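Tertiary structure, described
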Amino acid sequence: MDADKIKQFFIFHGEKFVVGIVVLAAGWMVYSGLNMPNMLDEVQPERLTTDANTVRNSIDEDHNENILPDRKPVFDILAETARKRTPVDATAYKMPHLLERKTIDTSVRRKDPVVHAPLELRVDSHIASIAILSPSGKYPLKDLEGAEALEVVEQEKPRPRSRRRGRGGMDEMMGMDGMGMDGMGMDQGMGMDMYGGDMGMGMGMGMDPGMMGGMGTMSATAAGRRFNPKHNLGFVPTAKDSKLPVPQYAWFISGTAAIPHKAMAESFREALQSAEGYLPVRDQPLYFNYEVQRADVTNKSVDELADEDWILRYTREQNVKEAARVWAGYATEVVPEDYRDLNVTAYIPPVLLVDYTDFVTHPLIPMVSRREKQMKAREEMMQEQKFGVDDLELAGPGAGGMGGMDMGMDMGMDMGMDMQMDMGMGMGGMGSYGGMAMVEEDPVDYKLMRFYDFANNQDPNTPRPGRKYVYRIRLAVVDPNFPANALQQPKISSLSGEVYQRVSKLMEAAEADKNRKGHFQRWSDWSGPSPQISLPTFTDYYAGPVEVSRVKELDYKGKKVEYSADPPTAKAVNLSYNIAYKTLMPVWMENLQPGSVLSYEGPAELIDPIDLVVKKVEDAKITSQTTVIDINGGRVLPMTGDSELEEPGMMLLFDENGSLKVTGEVEDQEMYRIYSFAEERGL
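Everything in this summary refers to the structure shown in the same document. Predicted model only: the values in this text are computed from it and were never measured. (Residues numbered from 1 in each chain as written. Predicted model: local features only at pLDDT ≥ 70, side-chain atom pairs only at ≥ 80, totals over all residues. Heavy atoms only, no water.)

**Focus: the environment of Tyr675**
When you line up the elements, Tyr675 lands in helix α11 (residues 669-675). The spatial distance from the C-alpha of Tyr675 to the C-alpha of Asn574 is 8.9 Å, given a sequence separation of 101 residues. With residues up to four places along the chain from it excluded, the contact list for Tyr675 reads Phe227, Leu353, Val354, Val573, Leu575, Leu584, Pro586 and Ile607. (Helix = DSSP H or I, 4+ residues; strand = E, 2+ residues; numbered from the N terminus. Contact = heavy atoms within 4.5 Å.)

Here it is as structure tokens:
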């Protein structure tokens, strides 16, 4: 058969083969089904239910005996329980300082602690610029033109060294003390309006109208020199609440005193700690207020003063009002927190340009905090000792970063007193003033008190130029036997008889007023009177270098006498305060000789205390009667080598008050160089 016939066969008979295969498969399946067992013979619902119940019953039966063997304990439970009930040795967990309840003898009654008066009252006087807030930010000095650059002074070549020494009147001058500032020479009828008013100074204050310098006739310009910021030793003002700082003159007397804080704390401890109802947060010195009084001693001595001669001049409330409402902030504090208290240490005025450190500190108050002292002592101790690896110890639980040093009360706490008191309420309620107070185990010896007495034309008792004054000060603490917080009132039964009589009267007064305000303060005695003080003049003088001509030695009757053909000359700075522009006006004076009067007329420069731009005024005039009496120094000291050193310059001045004053180049060097613009002049 050929291929074509085979192909034709499958085309015509292929479907027959397929049908045959399907029929055979169907037949095989029918045959296989017929030979399978009958399912109904073996699987019936009743039988399945019976089998399921049988399996469940077998599971529910207890088979523990077949799978769990008998267990026997391997330890004695009773013995173990008795062991765990044995107390643990607490030696390793013992704390070094446990809080132990003190047994208080109820027979001991509360007494009044002694409130010590302030000590060592010191006073000083000043004329300076302070920053106050202004809506416009305008002030007269801002409208002046800037000063031109200064000429650089050519330095003279060093003179040949001379071994001749001339003492002249040096020894006599060295023995004289500084006699204070220049005299006033002012009219007593002048106006003195503080904080933005018109001074109306009159003609008797040592300045002519020309000193006003044509205020308002010159337009401001951005050109001009700037005062070196590193010489700005005062407050740096900034804007506040959309108001801008402007300069204002401050003519005032300041004072500082020391509170014997350690003695005060000991007094409270002795009077209250052993008595019934002792409460540490209440029964310790909590300073709250202070008062300053002044007396005029121009025409009478201190011993002749009577109580009516003393007038109230300053309080805590007054200082808070000035700082919050008038000043453009307050200067940075320089006294450590350990030694001051917000309620008795007044805020520092925002004094511009000049250093205020001297008049806000006190010799009895350290300028280094306790923590800094302890750290310095620790560093010195570690430097003296040599430590090895074997000497180091691991810190125990709860150890602080100071390695066990007793930090005492260096917490910077101010006894919880809220200085943001409602000034409309005067010395109003204190609230829970003692909520966070702690008892000082080792109180500091002294805390600082500070006050000011500003000249103010609107005040009938303002300090006046030419008058001599003395001051006294006292402080108030919160009465521990009649505190501001009525919830902390001690039981009446715990008070001694004398204290009960005093407190019962206070209770009656507080009940009548329905308020404890004004009744909870306990005042100290007044301090002793301060030294006499007056308002300062508006000028001060700083000595500079002295130049002398060639000195010859002549023999006269067997003695050597020094002779110079020309008198010595000196340079100095006349630092005057310009009331019209409310800023400093330094004048560099050259070629001063014995007999020279320290007056000046001509162009001068003013320092803007706000932006430190140096301004100029063409017709300044300073009238002064201070006279140079003698000049010494400037001679070359004999030295080895090529270098030479001159004697420091000194001037003896006779001021307008008839006093003698010695100014020296060494003491005045810093101020002389700053206000003579020595760096700009190349000196």
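There is more to say, and it comes next.
**Quick notes on helix α4 (residues 77-84)**
Counting buried positions along α4 yields zero of eight residues, so the element is predominantly exposed. With a side-chain oxygen lying 3.2 Å from the backbone nitrogen of Leu78, the N-terminal cap of α4 falls on Asp76. (Buried < 20%, exposed > 50% of the residue type's maximum accessible area, 1.4 Å probe, protein only. Polar contact = N/O pair within 3.5 Å; in protein donor to acceptor, adjacent residues only side chain to side chain.)

**Some remarks on unusual backbone geometry**
Phi is mostly negative for residues that are not glycine, and the peptide bonds are mostly trans. One non-glycine residue, Asp241, adopts positive backbone phi at about 55°. Inspection of the secondary structure puts Asp241 in the loop between α5 (170-174) and β2 (244-259). Here Phe677, not a glycine, exhibits a phi torsion of approximately 50°, which is positive. Structurally, Phe677 can be placed in the loop between α11 and α12 (678-681).

**Considering a negative patch on the surface**
A cluster of acidic residues, Asp124, Asp355, Asp358 and Glu670, forms a negative patch at the surface. With respect to the helices and strands, the residue Asp355 is situated in the loop between β6 (351-352) and α8 (357-360). Relative accessible area serves as the criterion here: at 42%, Asp355 is assigned to the partly exposed category. (Patch = residues over 30% accessible without salt bridge, like charges linked within 9 Å, V, L, I, M, F, W, Y side chains within 5 Å. Areas by Shrake-Rupley, 256 points an atom, 1.4 Å probe, with all protein chains shown as cover. Salt bridge = Lys/Arg side-chain N within 4 Å of Asp/Glu carboxyl O. Lys, Arg positive; Asp, Glu negative; His and termini not counted. Charge placed at Lys NZ, Arg CZ, Asp CG, Glu CD.)

**Description of the environment of Arg371**
One can find Arg371 in helix α9 (residues 370-384). Residue class for Arg371 comes out partly exposed when judged on its relative accessible area of 36%.

**Observations regarding the pairing of strand β12 (residues 559-564)**
Note that strand β11 (residues 551-556) and β12 share six bridges and pair antiparallel. Note on β12: the bridge partner recorded for Tyr556 is Lys559. In this antiparallel pair of consecutive strands, β11 and β12, the connection spans two residues, and Lys557 shows a positive phi of 55°. (Pairing = 2+ DSSP bridges.)

**Concerning the sheet that holds strand β9 (residues 521-523)**
Judged by pairing direction, the sheet is antiparallel, and its four strands sit side by side in the order β4-β3-β8-β9 without closing on themselves. The two strands at the open ends of the sheet, each matched to only one other strand, are β4 (311-315) and β9. Shown here is a sheet whose adjacent strand axes are inclined to one another by a mean of 30°, direction ignored. On the sheet, helix α7 (residues 316-326) packs against β3 (287-296) and β4 and is oriented at approximately 50° with respect to β4. (Axes fitted to C-alpha atoms, helices over the stretch in contact; angles between N-to-C directions.)

**Examining the pattern of salt bridges**
Enumeration according to the criterion identifies 26 salt bridges in this entry. In this structure, the salt-bridge partner of Lys616 is Glu148, at a minimum N-O distance of 2.4 Å. In this pair, Lys616 is assigned in strand β16 (residues 614-622) and Glu148 in the loop between β1 (119-134) and α5, connecting sequence segments 468 residues apart. Of the charged contacts, one joins Lys262 and Asp442 as a salt bridge, the two residues approaching to 3.9 Å between their closest N and O atoms. A residue pair is termed long-range when its members are at least 10 positions apart, and Lys262 in helix α6 (residues 261-272) and Asp442 in the loop between α9 and β7 (447-454) qualify at 180 residues. Under the relative-accessibility criterion, Lys262 is labelled partly exposed at 38%. A cluster of three or more residues bridged by salt bridges with shared partners is formed by Arg294, Arg313, Asp453 and Asp459.

**A closer look at the packing of aromatic side chains**
Tallying each qualifying case throughout the model produces 13 aromatic pairs. Here the aromatic rings of Phe227 and Tyr675 are separated by 6.1 Å at their centres, their planes lie at 15°, and the arrangement is stacked. With Phe227 in the loop between α5 and β2 and Tyr675 in helix α11, the pair connects residues that are 448 residues apart, well separated along the chain. The same class applies to Phe227 and to Tyr675, which are both buried. Here the aromatic residues Phe252, Tyr314, Trp327, Phe359, Tyr452 and Phe454 are joined through ring pairs into a cluster of three or more. Sitting over the face of the ring of Phe482, Arg516 holds its NZ or CZ atom 4.0 Å from the ring centroid. (Phe/Tyr/Trp six-rings, centres within 6.5 Å; stacked < 30°, edge-to-face > 60°. Lys NZ or Arg CZ within 6 Å of the ring centre and 35° of its normal.)

**Quick word on the sheet that holds strand β17 (residues 627-632)**
Pairing between the strands of a sheet comes from backbone hydrogen bonds, and it takes one of two forms, parallel or antiparallel. Spatially, the three strands line up as an open sheet ordered β17-β20-β21, and their pairing is antiparallel. Strands at the two margins of the open sheet, each flanked by one partner only, are β17 and β21 (660-664). Across the sheet, the axes of successive neighbouring strands diverge by a mean angle of 20°, strand direction being ignored. For β17 and strand β20 (residues 650-654), the ladder comprises five bridges, and the chain directions are antiparallel. By the bridge assignment for β20, Thr627 is matched with Phe654.

**Topic: the environment of Ser494**
Among the structural elements, Ser494 can be located in the loop between β8 (469-478) and α10 (497-513). The class for Ser494 is buried, based on a relative accessible area of 1%. Counting along the chain gives 383 residues from Ser494 to Lys111, while the straight-line C-alpha distance between them is 9.3 Å. Excluding residues that lie within four positions of it along the chain, Ser494 makes contacts with Arg109, Arg110 and Glu276.

**Concerning the pairing of β8**
Among the ten residues of β8, ten are classified as buried, and the element is accordingly described as predominantly covered. Relative to β8, β3 runs antiparallel, the two being bridged by nine bridges. From the neighbouring strand, Tyr290 faces β8, where its bridge partner is Leu475. Looking at chain direction, β8 and β9 are connected through three bridges and run antiparallel.

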